[in-house]
Amino acid sequence: VALLESGDSSAVASVLEPRRVVLFARSLGVAAVATVLAVFWGMATAIVVARRRGRVGAAIEALSFLPPVIPNVVLVIGWLRVVGPGGAPTGMSGGGGTWGLSNVWGAGFVLSLCYFPFLAIPCVQGLRAAGESELRAAVLYAGASARLRRFWWPHLRPYLLTGLVL
């Protein structure tokens, strides 16, 4: 804002250069795709982990919560090796095709796989903190949409918002 108010036309022109605007828009697109997909992966993981008991649940929880302890560069390179050229999609498509990871959607997909545990970890705690008697009462007296609105959303909202901030 101060740059625009200064009246220096060359500085304003350099900031509003078309290439910079396009790159900024792509960055926002990657962030939006990564956030939406991280919410999806995180909530799906949280539901699976909260419902599974025993060794299977513990193994899923340990494996899905592992990415935060791995350095980001190593994690991104690892996901690119798995889903990039020569990875699983090439093998599944008979060696001919790959997923387009060099665009906004692909970058958002890989970043969502890196960051979904930051949303899943708090949401698992929110699902586990929900009272069993309250849940039974909600199941008996409310439909699916009312249950989501009156039971799950108030219980998960603080955990979901914490995960989004992380």
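Quick look at the overall build of the chain
Next, step 1: When you go through the chain residue by residue, the secondary structure sums to ten helices and zero strands.
Next, step 2: Its helices and strands in sequence order give the chain the pattern α-α-α-α-α-α-α-α-α-α, from N to C terminus.
Next, step 3: Here the chain holds 166 residues, and the buried ones make up 28% of them.
Next, step 4: When contacts within the chain are restricted to residue pairs at least 6 apart in sequence, long-range pairs at least 24 apart make up 64% of them.
Next, step 5: Counting every atom, the chain has about 10,900 Å² of accessible surface; 67% of that belongs to carbon and sulfur.

Let's talk about the packing of aromatic side chains
Next, step 1: Overall, the coordinates contain three aromatic pairs when judged by the stated rule.
Next, step 2: Aromatic side chains Tyr115 and Phe118 sit 6.1 Å apart centroid to centroid with 35° between the ring planes, which places their arrangement in the tilted category.
Next, step 3: Taking the relative accessible area as the measure of exposure, Tyr115 reaches 35% and is therefore partly exposed.
Next, step 4: Classification of Phe118 by relative accessible area gives partly exposed; the value is 29%.
Next, step 5: Three or more aromatic residues link up through ring pairs in this structure, and these residues are Phe40, Trp41 and Phe109.

Notes on the confidence of the model for the chain
Next, step 1: Summing up the model confidence of the chain, the mean pLDDT is 76 and the portion of residues at 70 or higher is 80%.
Next, step 2: When pLDDT is averaged over each helix and strand of the chain, the minimum, 49, is found for helix 6 (residues 88-92) and the maximum, 87, for helix 3 (residues 18-51).
Next, step 3: This model gives residues 90-97 a pLDDT under 50, and the stretch forms eight contacts once residues within four places in sequence are excluded.

Conventions adopted
Residues numbered from 1 in each chain as written. Predicted model: local features only at pLDDT ≥ 70, side-chain atom pairs only at ≥ 80, totals over all residues. Heavy atoms only, no water. Helix = DSSP H or I, 4+ residues; strand = E, 2+ residues; numbered from the N terminus. Buried < 20%, exposed > 50% of the residue type's maximum accessible area, 1.4 Å probe, protein only. Contact = heavy atoms within 4.5 Å. Areas by Shrake-Rupley, 256 points an atom, 1.4 Å probe, with all protein chains shown as cover. Phe/Tyr/Trp six-rings, centres within 6.5 Å; stacked < 30°, edge-to-face > 60°. pLDDT = per-residue confidence, 0-100.

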